[in-house]
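# Structural characterization, general
Chain by chain, the residues run as shown.
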Amino acid sequence: MPELPEVETIRRRLAPRLTGKKIHRVRVRRGSRLLRDTVGEVALKKALEGDAIAALGRRGKYLLLALESGNFLVVHLGMTGALYLRPKNAKPPPHTHLRLEFEDAELMLVDPRTFGRVFLVRGGELDSHPALSKLGPEPLDRSFTARELGLALSRRKAPLKAALLDQRAVAGLGNIYADEACYRAGLSPLGPASRLSAGEVKKLHRAIRETLTEAIKFKGTTIRDYRWDAGRSGDFAKRLLVYGRAGLTCRRCGKAINRVVLQGRSAHFCPGCQGRVPKS
DNA sequence: CTTGTGCCCTGACCGC
DNA sequence: TGCGGTCAGGGCACAA
């Protein structure tokens, strides 16, 4: 569900509310699939209880809860994951997998489809953790350059969109923003990633950053599940230019937006604005 | 190494 | 009101 802008929105929402809070009690749903990558349930509780939240970070689509002990609780929300900060003793919604109880509030991790995951990383092992070690650059970091993007893409024969969804090229793009970035850059998502000119790479680099920045400004995109807090939707959906607009007219050229299936996921693009569609 | 496919799940929605 | 089919913001294991 959530891509970089949604995770970043959640991080910004929670950071001031969680920082410094001590974890009094941890409750986990027994046998939860979300915990499959972490130490056991008992060890997780033992590690977290009594610790406190020092800061909230983000790496790609991963939310990082930095603890005062130096450990990290790392959360990936998968497709339908959500984090709700509720008053203590609020009734947990269905599909609540993890509850962190603070003095006056409780953080609940809810995830119906259970594609999300949670793991505990010992201090200093964050960068070497298998889930995080292969992530590409943060697209909104100043250090992320068009040159770097071009280099990563030049090695890929796959369609551009497939390369963008690969978190090793850039961290944080998902199905929505990969489509939107391709559109804004005027590039076909179906063309080979390695064939971009330097100018096209530059446009794509700018498009990625602008799309993500604007989406964060609007608190992300809610299609159905995503909430940045209980009941609160992101407003970027109405600004989408291609994603979910198959058959509707392109706002720029008026042609009908196409939808094709690419690597098992839908890709949306404007045949008029996004170059030739290569014949296969 | 690369690339594409199928699968892990639940639930919403649509047409019959 | 069912009931089956389709689809969904992700990522991993696997085969070729």
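Just above sits the structure.
Structure report, in brief. (Residues numbered from 1 in each chain as written. Chains lettered and ligands numbered in written order. Predicted model: local features only at pLDDT ≥ 70, side-chain atom pairs only at ≥ 80, totals over all residues. Heavy atoms only, no water.)

## Some remarks on the overall build of chain A
Counting secondary structure elements, chain A contains seven helices and ten strands. Principal-axis analysis of the C-alpha atoms places the extent of chain A at approximately 60 × 35 × 30 Å. With 280 residues in all, chain A has 54% of them scored as buried. Considering only residue pairs separated by 6 or more positions, chain A has 63% of its internal contacts joining residues 24 or more positions apart. By element, 48% of the accessible surface of chain A is carried by carbon and sulfur atoms, the whole surface being about 13,300 Å². Computed over 53 positive and 27 negative side-chain charges, the inter-centroid distance for chain A is 7 Å. (Helix = DSSP H or I, 4+ residues; strand = E, 2+ residues; numbered from the N terminus. Buried < 20%, exposed > 50% of the residue type's maximum accessible area, 1.4 Å probe, protein only. Contact = heavy atoms within 4.5 Å. Areas by Shrake-Rupley, 256 points an atom, 1.4 Å probe, with all protein chains shown as cover. Lys, Arg positive; Asp, Glu negative; His and termini not counted. Charge placed at Lys NZ, Arg CZ, Asp CG, Glu CD.)

## Remarks on the packing of aromatic side chains
Counting across every chain of the model gives three aromatic pairs. On the numbers, 6.2 Å between centres and 55° between planes, the contact of Tyr62 with Phe119 is tilted. Of this pair, Tyr62 sits in strand β3 (residues 62-67) while Phe119 sits in strand β8 (residues 117-121), and the two are 57 residues apart along the sequence. Taking the centre distance of 6.0 Å and the plane angle of 40° together, the rings of Tyr177 and Phe236 count as tilted. Taken as a pair, Tyr177 in helix α6 (residues 175-185) and Phe236 in the loop between α7 (198-217) and β9 (258-262) lie far apart in primary sequence, 59 residues in all. Taken together, the aromatic side chains of Tyr177, Phe218 and Phe236 make up a single cluster linked through ring pairs. (Phe/Tyr/Trp six-rings, centres within 6.5 Å; stacked < 30°, edge-to-face > 60°.)

## A short note on unusual backbone geometry
At His95, a residue that is not glycine, the phi angle is positive and equals roughly 65°. By the element assignment, His95 lies in the loop between β5 (82-87) and β6 (96-101). Residue Lys219 is not a glycine yet carries a positive backbone phi of 65°. You can see Lys219 is positioned in the loop between α7 and β9. Judged by relative accessible area, which is 34%, Lys219 ranks as partly exposed.

## Comments concerning the environment of Gly247
For Gly247, the location among the structural elements is in the loop between α7 and β9. Placed twelve residues apart in sequence, Gly247 and Arg259 show a C-alpha to C-alpha distance of 7.9 Å. Excluding residues within four positions of it along the chain, Gly247 makes contact with Ala256 and Ile257.

## Here's the deal with the protein's contact with DNA strand B
In the region of DNA strand B, the neighbouring residues are Arg33, His95, Pro112, Arg113, Phe115, Arg156, Lys157, Ala158, Pro159, Arg168 and Gln263. Within the side chain of His95, an N or O atom sits 2.7 Å from a phosphate oxygen of DNA strand B. A distance of 2.4 Å is found between a phosphate oxygen of DNA strand B and a side-chain nitrogen or oxygen belonging to Arg156. Across the surface near DNA strand B, the residue classes tally to four nonpolar, two polar and five charged. (Near = heavy atom within 4 Å. Polar contact = N/O pair within 3.5 Å; in protein donor to acceptor, adjacent residues only side chain to side chain. Nonpolar A, V, L, I, M, F, W, Y, C, P; charged D, E, K, R; others polar.)

## What to know about helix α1 (residues 4-18)
For α1, which comprises 15 residues, the first-to-last C-alpha distance of 20 Å matches the rise-based estimate of 21 Å (1.5 Å per residue) to within 8%. Within α1, the full set of buried residues consists of Leu4, Pro5, Glu6, Val7, Glu8, Thr9, Ile10, Arg13, Leu14, Ala15 and Leu18. In the core, the buried residues of α1 are packed alongside β2 (53-59), β3, β5, β7 (105-110), α6 and α7. In the stretch just after α1, Gly20 is the one whose phi turns positive, near 90°. (Expected span 1.5 Å × (residues − 1).)

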